[in-house]
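Structural description and commentary
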Amino acid sequence: MPSTVMPTSSRGGGRPAPAAVHAVGLRKSYGDKTVLDGIDLHIPAGTVFALLGPNGAGKTTAVKILSTLITADGGRAQVAGHDLAAAPDGVRAAIGVTGQFSAVDGLITGEENMRLMADLHHLPAREGRRVTAELLERFDLADVADRPAQSYSGGMKRRLDIAMTLVGDPRIIFLDEPTTGLDPRSRHTMWQIIRELVTGGVTVFLTTQYLEEADELADRIAVLHDGRIAAEGTAGELKRLIPGGHVRLRFFDPAAYRSAAAALRGATRDDEELALQIPSDGSQRELRSLLDWLDSAGVEADELTVHTPDLDDVFFALTAGTDQPNQPNRPNRPNQKGTAR
Ligand SMILES: Nc1ncnc2c1ncn2[C@@H]1O[C@H](COP(=O)(O)OP(=O)(O)OP(=O)(O)O)[C@@H](O)[C@H]1O
Ligand SMILES: [Mg+2]
């Protein structure tokens with residue numbers, strides 16, 4: 001579904017707002033399924049906020065509510081200082097939305113897609129041409145501007161999508177999984193684009209499946225789980241919510257694995273991978289004593305890796321117990337609720 005919100009006034013911007021997004025108790029259900037069970041958000045202007053959550057957690061639902069595409073069943077929110085319910089037009093004038101699924105029309109050229117957006121924003125023809133040319137250049141699409149968009153690669157379409165969102169010069173942009181499906185180079189290009197937007201004072205609300213992306217870009221990160229914000233904070237704060245890292249020992253010989261597992265009773269077993277995980281903070285001192293102990297126990301692993309906690313660990317720890325498949329490469333940690341707020 002094309003999900004670019006249409007503006008109601010040209011070249012939005014408007015007065016500076018204390019917070020780009022301020023939401024309290026947002027709720028949304030579909031039938032008897034509660035998708036958002038009262039979520040609070042506070043996003044200072046000029047920052048990047050990342051909403052994480054497994055498939056179906058309600059990330060797109062949150063984006064759609066905050067961008068006025070659908071209404072919440074409960075709660076209230078101000079976006080760019082405008083009340084979502086009372087002044088949706090004010091919200092629409094200040095925001096841009098790049099939906100999870102492309103809003104690009106494949107039958108017309110990249111330039112025509114851009115010009116369509118300029119018309120929807122009521123830009124005068126000359127201004128429309130100028131903005132279009134500038135954005136196509138900035139997004140490295142000038143050379144292909146006269147080709148039908150359906151001939152673009154996924155990464156080019158995604159860049160065009162975001163360029164189209166920027167035609168209205170929004171102060172807040174919602175990017176719903178901006179880099180899903182992009183190769184590492186295109187992903188880095190997109191990150192650079194997002195950083196430049198923020199440098200220009202734009203607030204970015206993004207959803208992502210890539211923890212690394214949130215770690216790279218976001219000032220604050222929230223993890224959505226079971227309809228609620230399970231944790232919220234900076235990447236560092238979230239990483240501190242879960243216990244320290246671990247050392248992973250892998251064995252090629254099943255007999256060696258079994259005897260090591262017998263010797264290391266406290267280790268978490270991964271029988272399929274023939275691997276054992278031992279909690280460790282990864283410090284030199286702890287590693288040395290662990291290695292000494294392994295020597296004395298006669299355990300010789302074929303591979304030893306040190307793992308310090310990353311956002312993936314946070315994600316798996318906080319969203320455990322849903323319909324997530326088992327994560328054999330992840331430490332077996334109890335479901336943990338916490339907030340860094
Ligand atoms: N229009 C709708 N009617 C009924 N159920 C819906 C509708 N839109 C979303 N849902 C349900 O709401 C839940 C949340 O969906 P949503 O698209 O917000 O998840 P998401 O976090 O964006 O997932 P993904 O990572 O897969 O994009 C899902 O269970 C989905 O099936
Ligand atoms: Mg989604």
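Residues numbered from 1 in each chain as written. Chains lettered and ligands numbered in written order. Predicted model: local features only at pLDDT ≥ 70, side-chain atom pairs only at ≥ 80, totals over all residues.

A few points about the sheet that holds strand S8 (residues 203–208)
Spatial strand order, S6-S7-S8-S3-S9-S10: six strands in an open sheet with mixed pairing. Here the strands that pair on one side only, and so sit at the sheet edges, are strand S6 (95–98) and strand S10 (228–233). When the angles between neighbouring strand axes are averaged without regard to direction, this sheet yields 15 degrees. Sheet topology places S6 next to strand S7 (residues 172–176); four bridges connect them, and they run parallel. Residue pairing across strands places threonine 98 opposite leucine 175, the latter belonging to S7. Each of strand S3 (48–52), S7, S8 and strand S9 (220–225) is contacted by helix H1 (residues 59–66), which is oriented at about 155 degrees to S7, the strand it contacts most. Against the sheet, helix H11 (residues 311–318) makes contact with S3, S9 and S10, and its axis sits at roughly 30 degrees relative to S9, the strand it touches most. (Pairing = 2+ DSSP bridges. Helix = DSSP H or I, 4+ residues; strand = E, 2+ residues; numbered from the N terminus. Axes fitted to C-alpha atoms, helices over the stretch in contact; angles between N-to-C directions. Contact = placed C-beta atoms within 7 Å.)

Brief notes about the site of ligand 1
Lining the immediate environment of ligand 1, one finds Tyr30, Val35, Gly53, Asn55, Gly56, Ala57, Gly58, Lys59, Thr60, Thr61 and Gln100. Sorting elements by how many residues they give to the shell around ligand 1 places H1 first, with three residues. Counted by class, the shell around ligand 1 contains three nonpolar, seven polar and one charged residues. (Near = placed C-beta within 6 Å. Nonpolar A, V, L, I, M, F, W, Y, C, P; charged D, E, K, R; others polar.)

Looking at the confidence of the model for the chain
Looking at the chain as a whole, the pLDDT averages 85, with 88% of positions reaching at least 70. Across residues 1–14, where pLDDT falls below 50, the model places 44 contacts with residues more than four positions away in sequence or in other chains. The low-confidence segment residues 323–341 (pLDDT under 50) makes 35 contacts with residues lying over four places distant or belonging to another chain. (pLDDT = per-residue confidence, 0-100.)

Comments concerning the nonpolar core
Counting 59 residues, the largest nonpolar core has Ala50, Leu52 and Val223 as the members making the most contacts within it. The leading source of residues in this core is H11, at six residues. Counting contributing residues, this core receives three or more from each of domain 1 (19–104 + 152–239) and domain 2 (246–340). Aside from chain neighbours lying at most four places away, what touches valine 223 is Leu52, Gly53, Ile229, Ala230, Ala231, Val314, Phe315, Leu318 and Thr319. Counting 17 residues, the second largest nonpolar core, distinct from the first, contains Leu136, Ala149, Leu160 and Ala163. (Core = buried A, V, L, I, M, F, W, Y, C linked by C-beta atoms within 7 Å. Buried ≥ 20, exposed ≤ 12 C-beta atoms within 10 Å, placed from the backbone. Domains from an automatic or database assignment.)

Details of the packing of helix H3 (residues 110–120) against helix H4 (residues 125–138)
Remark: H3 packs on H4, axes separated minimally by 9 Å, with the N-to-C direction vectors making an angle of 135 degrees. Comparing their axes, H4 and H3 come out oblique. Between H3 and H4 lies a crossing of right-handed hand. Of the residues in H4, those in contact with Gly110, Glu111, Met114, Arg115, Ala118 and Asp119 of H3 are Gly128, Val131, Thr132, Leu135 and Leu136. (Parallel < 35°, antiparallel > 145°, perpendicular 65-115°, else oblique. Left-handed = near helix turned anticlockwise from the far one by under 90°.)

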